[in-house]
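As a plain string of letters, each chain reads:
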Amino acid sequence: MTSLIDTTIYSAITEAIRVEAARILSEGEVTAVVGYAAARRKGSAQPIVINTAADAGQLIFTPSCVNNLAVYLTKAKKEISKTGKIGIVVKGCDLKALVGLMGESQLKREDMYLIGVPCIGVLASTVQPATGLTAETIAPKCTECDAHLPQGCDFVPAQTPVVTKLEHKYAAEIARLEALTPAERWAYWKEQFTKCIKCYACRQVCPFCFCEQCLCDRNKPQMVDTTPRPAGNAAWHIVRAMHLAGRCAGCAECERVCPMDIPLNLLNRKMAMELKELYDYEAGFDVLDKGPLTMFTDKDDQSFIK
Amino acid sequence: MHPEKQKHTFEPKIIAFVCTWCTYAGADLAGTSRMQYPSNVRVLKFPCTGRIDPVFILKAFQQGADGVLVSGCHPGDCHYIAGNFHARRRFAVFRKLLEFVGVDLNRLQFSWVSAAEGGKWVEVVTDLTEKVRSMGPMTEFKELALEEQWSGTIDTPELQEAYNAI
């Protein structure tokens, strides 16, 4: 049993979020606030949308507030202008997703009131939501997080996150896989992809999977086999990783929701590492007009081209 | 008139995705100049390398290609000004992804062949064909396609118990 990571500031953050949500709702600055509320099991949390200042007391922030709430704004993006400004509680990683969506013209900054959360980390799994945050139970994404304090929000509680230095779980796993031979890597991924049941939870939860018709659902021409068989599964996950390359904000929701425990974020992290190396691009807090794969320079690496 | 054709035990299937303005014209030039190159290559013509989606490459491998060639205009020569610049970035990233998943990158070749480079087309195609021939057939994706249904294993006591109860 490793020592608990200190998350005592979360109670003060909860208080600050409640006060701020009540204020913006009662002053009419926003029409709704998307946040987290306690769920039925002890210690668990679930997303909630509140419309009145009276409900602000339900909002919480705890280590089990794992969801990336940005996904609610992508799915609802068409209605935002009608309903008015929406408040949203965001961790650093969630804010990166919102920034990415703003860069892709899916959302407008002026339609959102951002309540940033100084975040130390959240749980990897909410199967036992009441467990404390330790080096074992913390989400792997939080071990390599560089966005504990969201930037550019409308409101951020004054607490400063004190961050424990942890082993970078994804970097370690990617290094392990890269050291293998191609055949061994293929065997690894074949085993992982074969588990897939094509539930598309990874697609539904991803803030960036907002295409109205997914390429993988089309059948004329059918580019990706839709049945949950190994060939279609591998193709789906490769296409998914490719479509997220240069866009993924690293919230790791795909990996969290996967019922078959496929390490999906490994592919996303690997792509992020390559984009950093090739084009010096990293998901961040600045809204960019163009992503790394929608722009170019005439000096891009072409050593692989004959 | 033609040199004696060498007999091989394995003839690889090579799929070439080419842009219509440069490489297709280059291949045409090779043909009209009566240059010899392996007939293993199947040429698919696209408006531009920017039109070539990575998923086409994936599909080609799944459908039985042993090697894939993607070829278009040299940087700066694109008929659509910037199509090949975009393609360059996209493929640079895509090949890294394939490498990470465990595909041997020797089976995937990118090249710039202009309309005047019939000789370079012959060279690129010949090199890739010989390289893939020496590597043997691409079996990974074909084996996946042949695998039946979900092949999860009963690897926990609970699953085994549930299975026995059926």
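Note that the structure is predicted; figures quoted are calculated from it, not measured.

## Focus on the domain arrangement of chain A
All names here are of chain A.
- Per the domain assignment, the segments making up chain A are domain 1 (9-143) and domain 2 (169-279).
- Using only C-alpha atoms to locate each centre, domain 1 and domain 2 end up separated by 26 Å.
- Between domain 1 and domain 2, the residue contacts involve 16 residues of the former and 14 residues of the latter.
- Elements with a contribution of two residues or more to the side of domain 1 that touches domain 2: helix H2 (70-75), helix H4 (92-103) and helix H5 (140-143).
- Ranked by residues supplied to the side of domain 1 that touches domain 2, first place goes to H4 with six residues.
- Of the residues contributing to the side of domain 1 that touches domain 2, the split by class is eight nonpolar, five polar and three charged.

## As for the interface of chain A and chain B
- The interface is formed by 37 residues belonging to chain A together with 37 residues belonging to chain B.
- Those elements giving two or more residues to the side of chain A that touches chain B turn out to be helix H7 (182-194), helix H9 (230-244) and helix H11 (264-279) of chain A.
- Looking at the side of chain A that touches chain B, the element that brings in the most residues is H9(A), giving eight residues.
- Partitioning the side of chain A that touches chain B into residue classes produces 25 nonpolar, two polar and ten charged.

## Concerning H11(A)
- The end-to-end C-alpha distance of H11(A) is 23 Å, a good match for the 22 Å that 16 residues give at a rise of 1.5 Å each.
- Extensive coverage of H11(A) is indicated by the burial of twelve of its 16 residues.
- What H11(A) keeps buried is the set A:Leu264, A:Asn265, A:Leu266, A:Leu267, A:Asn268, A:Arg269, A:Lys270, A:Met271, A:Ala272, A:Glu274, A:Leu275 and A:Tyr279.
- In this fold, the buried residues of H11(A) make contact with H5, helix H6 (169-178), helix H8 (201-205), H9 and helix H10 (253-257) of chain A together with helix H3 (83-101) of chain B.
- Just downstream of H11(A), A:Asp280 is the residue with a positive phi angle, here 55 degrees.

The rules behind each value
- Every chain is numbered independently, its residues counted from 1 as its sequence is written.
- Starting at A for chains and at 1 for ligands, labels are handed out in the order in which the entities are written.
- A pLDDT threshold of at least 70 governs which residues receive local features in this predicted model, and a stricter bar of 80 or more applies before side-chain atom pairs are shown or counted, although totals over entire chains, interfaces and linings include all residues.
- Just so you know, the domain bounds were taken from an automatic or database domain assignment.
- Distance between backbone-placed C-beta atoms decides contact: two residues are in contact if it is within 7 Å.
- By definition, any uninterrupted DSSP run of H or I lasting at least four residues is a helix, any uninterrupted run of E lasting at least two residues is a strand, and each is numbered from the N terminus.
- Three classes are used: nonpolar for Ala, Val, Leu, Ile, Met, Phe, Trp, Tyr, Cys and Pro, charged for Asp, Glu, Lys and Arg, and polar for all others, with Gly counted as polar.
- Helix span, as expected, comes to 1.5 Å for every residue beyond the first.
- Our exposure labels follow a C-beta count within 10 Å of each residue's own C-beta, placed from the backbone: buried means 20 or more other C-beta atoms, exposed means 12 or fewer, and partly exposed covers the counts in between.

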